[in-house]
Amino acid sequence: MGVTKREELFQRAKEWTVGGGSSGGRTNMMMKMPLYLDHVKGCRLYTVDGEEYMDFCTAFGATLYGNAHPRIRAAVERSLEKGFFTGYDSEVMVEFAEKFHEIVPGVEKMRFCNSGTEATLGAIRVARGYTGRNLIIKMDGHFHGMHEMVWYGHGNFPPMDEYGEVVQAAPDSKGFPANADQNVRVIRFNDIEALRHVLEKYRGDVAAVIMEPICFNCGCYEAKRDYLKAARELCTQEDVLLIFDEVITGFRFRPGSAQEYYGVRPDLSTFAKAIGGGFQVALLGGKAEVMNALAPVGDVVMSGTYTGAYTAMNVGLECLNMVMEPEFYDHIEVIERKLYDGIEALLKKHGIPGHVRGKGAQFGIYFGYDDPEIDYDLRESMKHYDVDLGQKFVKGAMEEHMFFPYLAGGVPYPSHCGFNSQFTEADVDEALQRIDRVFARLKNNEIVL
């Protein structure tokens, strides 16, 4: 059998790029290389070798509206006619801001940026500048971008003390400055006593508490509603800012996102991925008083050449238009129930221990245990999750031409799965037929890593 074009590209790419791709996360460990695409359409990915895959990665949450959506294409074409400029502001930027506030009322003022990492970095800088304090409290397992401010406790899980605080935060990458961990404390999520403990222990030095209302980076690690409400009350009592990282939860289920779903408004929140439909749109937003800490009103600096670029704003505005149409989420919810219930039924059919937890268009398949209550405690979940089954499922799915992401390291929680709005009920029927075959092979130990 000859060398595929994908293999040829991988060898060429390794000569000039690190690991043969433009991101470490692009390497799917079941393939041992990135997926090199030729084109995309709807809910399908087409590789350089002419293979077709059903897309259950959705660019790690960025392409909620599907691939090559005609309305997004039209928005790009409109920007081309005007000169696709950047470094300047436009009427479209103002329209985007007005509409975004209408959808997420808690965002009274906003500042645009290009990625979720930039947004969370800006949020933490604003929190410190506004409060004059230093410490940031983050949640075990939650991911807020690849910067030294809070990249702890997502891939490394040091021991916790009896109060639910990590004894010493461990960075998730080499290359962090010495003593950077002195600026952050990591605690157990969904444990209000752990939060109460650190706020009392470090009283007077905590600038903000940051969390993902739902941590989709670890499958679907949800907040308990009572926990979020209590966390809001505690932060208010202690005069500490509450930051919601909605980079993935943003627009994943109904307008208003997680803060409206839970009925809890943070002081600051960050959005990216789905608000740009595959283009580089991200933002930091929140209470006007807090956001006014930013220059040119205040003294905190957050800026960038490509922020609010005309093409990105045109695309983002069209995305906002789509999510405001009632039928958009009606369709998402039909697909959600059909897909998740279908996978649950197939797990039972084949006697495979596991369950699905999802919210809107994002989900995780928890192989190894059936009790969904365990999902609320990440460390307990990791004790029960079957990494071997998870890896074999991703490999078997690829052999059935369904693309699920799988990162390096054999992480002890579900991969980052989702679907887009261009999935039809017929697509779900087809996917379930393929998953049925994968589960049959899993049951019979026919998938070899």
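Provided above is the structure to which this section pertains.
Residues numbered from 1 in each chain as written. Predicted model: local features only at pLDDT ≥ 70, side-chain atom pairs only at ≥ 80, totals over all residues. Heavy atoms only, no water.

Participant: Which parts of the structure should I look at to understand the sheet that holds strand S3 (residues 52-55)?
Facilitator: Note: strands within a sheet are paired through backbone hydrogen bonds, in either parallel or antiparallel orientation. The four strands are arranged S1-S2-S3-S15 in an open sheet whose pairing can be described as mixed. Taken across any chain shown, the strands that pair with only one partner, and hence form the sheet edges, are strand S1 (37-41) and strand S15 (402-403). Two elements, S1 and strand S2 (residues 44-47), share four bridges in a ladder whose sense is antiparallel. Its bridge partner being in S2, Val40 is matched across the sheet by Leu45. (Pairing = 2+ DSSP bridges. Helix = DSSP H or I, 4+ residues; strand = E, 2+ residues; numbered from the N terminus.)

Participant: Help me understand the side chain of Arg252, please; the structure alone is not making it clear to me.
Facilitator: Along the chain, Arg252 falls in the loop between strand S10 (241-245) and helix H8 (257-262). With residues near it in sequence (within four places) discarded, Arg252 still touches Gly61, Leu64, Phe216, Ala274, Tyr329, Ile332, Lys359, Gly360, Ala361 and Gln362. (Contact = heavy atoms within 4.5 Å.)

Participant: What is the right way to look at the packing of aromatic side chains in this model?
Facilitator: Aromatic rings considered in pairs are described by the distance between their centres and by the relative angle of their planes. This model, assessed by the stated rule, comprises 25 aromatic pairs. With a centroid separation of 5.4 Å and an interplanar angle of 70 degrees, the aromatic rings of Phe96 and Phe112 are classed as edge-to-face. Residue Phe96 is found in helix H4 (residues 91-103), and its partner Phe112 is found in strand S4 (residues 109-113); the two are separated by 16 residues along the sequence. Residue Phe96 is classed as buried on the basis of its relative accessible area, which comes to 0%. The ring centre of Tyr376 lies 5.3 Å from the NZ or CZ of Lys224, which sits over that ring. Positioned above the aromatic ring of Tyr376 is the side chain of Arg357, whose terminal nitrogen or guanidinium carbon lies 4.8 Å from the ring centre. (Phe/Tyr/Trp six-rings, centres within 6.5 Å; stacked < 30°, edge-to-face > 60°. Buried < 20%, exposed > 50% of the residue type's maximum accessible area, 1.4 Å probe, protein only. Lys NZ or Arg CZ within 6 Å of the ring centre and 35° of its normal.)

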